[in-house]
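Chain residues, written in single-letter form:
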Amino acid sequence: QLQLVESGGGLVQPGGSLILSCAASGSIANIYVMGWYRQAPGKQRELVAVIASDGTSNYADSVKGRFTISRDNAKNTVYLQMNGLELEDTAVYYCNANLRLRFSTNRRDYWGQGTQVTVSS
């Protein structure tokens with residue numbers, strides 16, 4: 001089946017940097033969009049950044065200029081470079097992939113298990 005394996009979360013001081021990665025594996029025919037969402041305690045899950053297979057990306061206003069999303073299509077992997085981290089960036093970060101499996105005609109969203117990012121002094 002399909003697996004999304006995330007890595008790179010952790011504890012960092014304000015102003016610090018982290019890199020998240022997410023690798024998709026399984027019987028994949030095509031990955032259309034990959035991205036990152038986050039959910040802070042007591043809040044709804046929100047979009048952080050997404051990137052299409054052609055490299056087109058979109059960011060939440062709160063992270064523009066600080067975060068950079070990139071993608072390695074050959075490795076079915078998406079990255080999130082996070083610089084200038086702020087206390088408000090503390091959340092569980094979830095990888096998302098909109099894709100179609102082999103032998104399927106439908107595309108759908110898949111989610112990773114989440115990785116904790118904590119920004120604290």
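If you're wondering where the values come from, they're calculated on a predicted model, not measured in any experiment. (Residues numbered from 1 in each chain as written. Predicted model: local features only at pLDDT ≥ 70, side-chain atom pairs only at ≥ 80, totals over all residues. Heavy atoms only, no water.)

Notes on the pairing of strand 11 (residues 115–119)
Residues Thr115, Val117 and Val119 line the buried face of strand 11, whereas the alternating positions Gln116 and Thr118 sit on a face that is not buried. Pairing of strand 2 (residues 10–12) with strand 11, which is carried by 3 bridges, proceeds in the parallel orientation. Across the sheet, the residue bridging to glycine 10 is valine 117, located in strand 11. Pairing geometry for strand 9 (residues 91–101) and strand 11, over 3 bridges, is antiparallel. (Buried < 20%, exposed > 50% of the residue type's maximum accessible area, 1.4 Å probe, protein only. Helix = DSSP H or I, 4+ residues; strand = E, 2+ residues; numbered from the N terminus. Pairing = 2+ DSSP bridges.)

Some points on the packing of aromatic side chains
Inspection of every chain in the model, using the stated rule, returns 1 aromatic pair. Arranged with centres 5.1 Å apart and planes meeting at 70°, the rings of tyrosine 37 and tryptophan 111 form a pair that is edge-to-face. Note that tyrosine 37 is positioned in strand 4 (residues 28–39) and tryptophan 111 in strand 10 (residues 107–111), a separation of 74 residues in sequence. Overall, the relative accessible area of 38% leaves tryptophan 111 in the partly exposed class. Taking the ring centre of tyrosine 32 as reference, the NZ or CZ of arginine 107 above it sits at 3.9 Å. (Phe/Tyr/Trp six-rings, centres within 6.5 Å; stacked < 30°, edge-to-face > 60°. Lys NZ or Arg CZ within 6 Å of the ring centre and 35° of its normal.)

Some thoughts on the layout of surface pockets
Size it by volume and the largest pocket reaches roughly 170 Å³. The wall of the largest pocket is formed by Arg38, Gln39, Ala40, Lys43, Gln44, Glu46, Leu87, Glu88, Thr90 and Ala91. (1 Å grid on protein atoms, 1.4 Å probe; cavity = no way out; pocket = protein on both sides within 12 Å on 5 of 7 lines; lining within 4 Å. Points joined across faces, edges and corners; volume = space filled by probe spheres on them.)

Regarding the sheet that holds strand 3 (residues 18–25)
Strand pairing within a sheet occurs via backbone hydrogen bonds; the two strands may be parallel or antiparallel. The strand order across the open sheet formed by 4 strands is 1-3-8-7, and the pairing between neighbours is antiparallel. Each edge of the sheet is formed by a strand with only one pairing partner; in this case those strands are strand 1 (3–7) and strand 7 (67–72). Adjacent strand axes in the sheet meet at a mean angle of 15° when their direction is disregarded. Pairing analysis gives 5 bridges linking strand 1 to strand 3, with the strands arranged antiparallel. Each residue of the ladder has a partner; that of valine 5, found in strand 3, is alanine 23. (Axes fitted to C-alpha atoms, helices over the stretch in contact; angles between N-to-C directions.)

Here we look at the nonpolar core
With 33 residues, the main nonpolar core has Trp36, Leu80, Met82 and Tyr93 as its most contacted residues. Listed by contribution, the elements that provide at least two residues to this core are strand 3, strand 4, strand 5 (46–52), strand 7, strand 8 (77–82), strand 9 and strand 11. For this core, the leading source of residues is strand 9, giving 6 residues. (Core = buried A, V, L, I, M, F, W, Y, C linked by side-chain atoms within 4.5 Å.)

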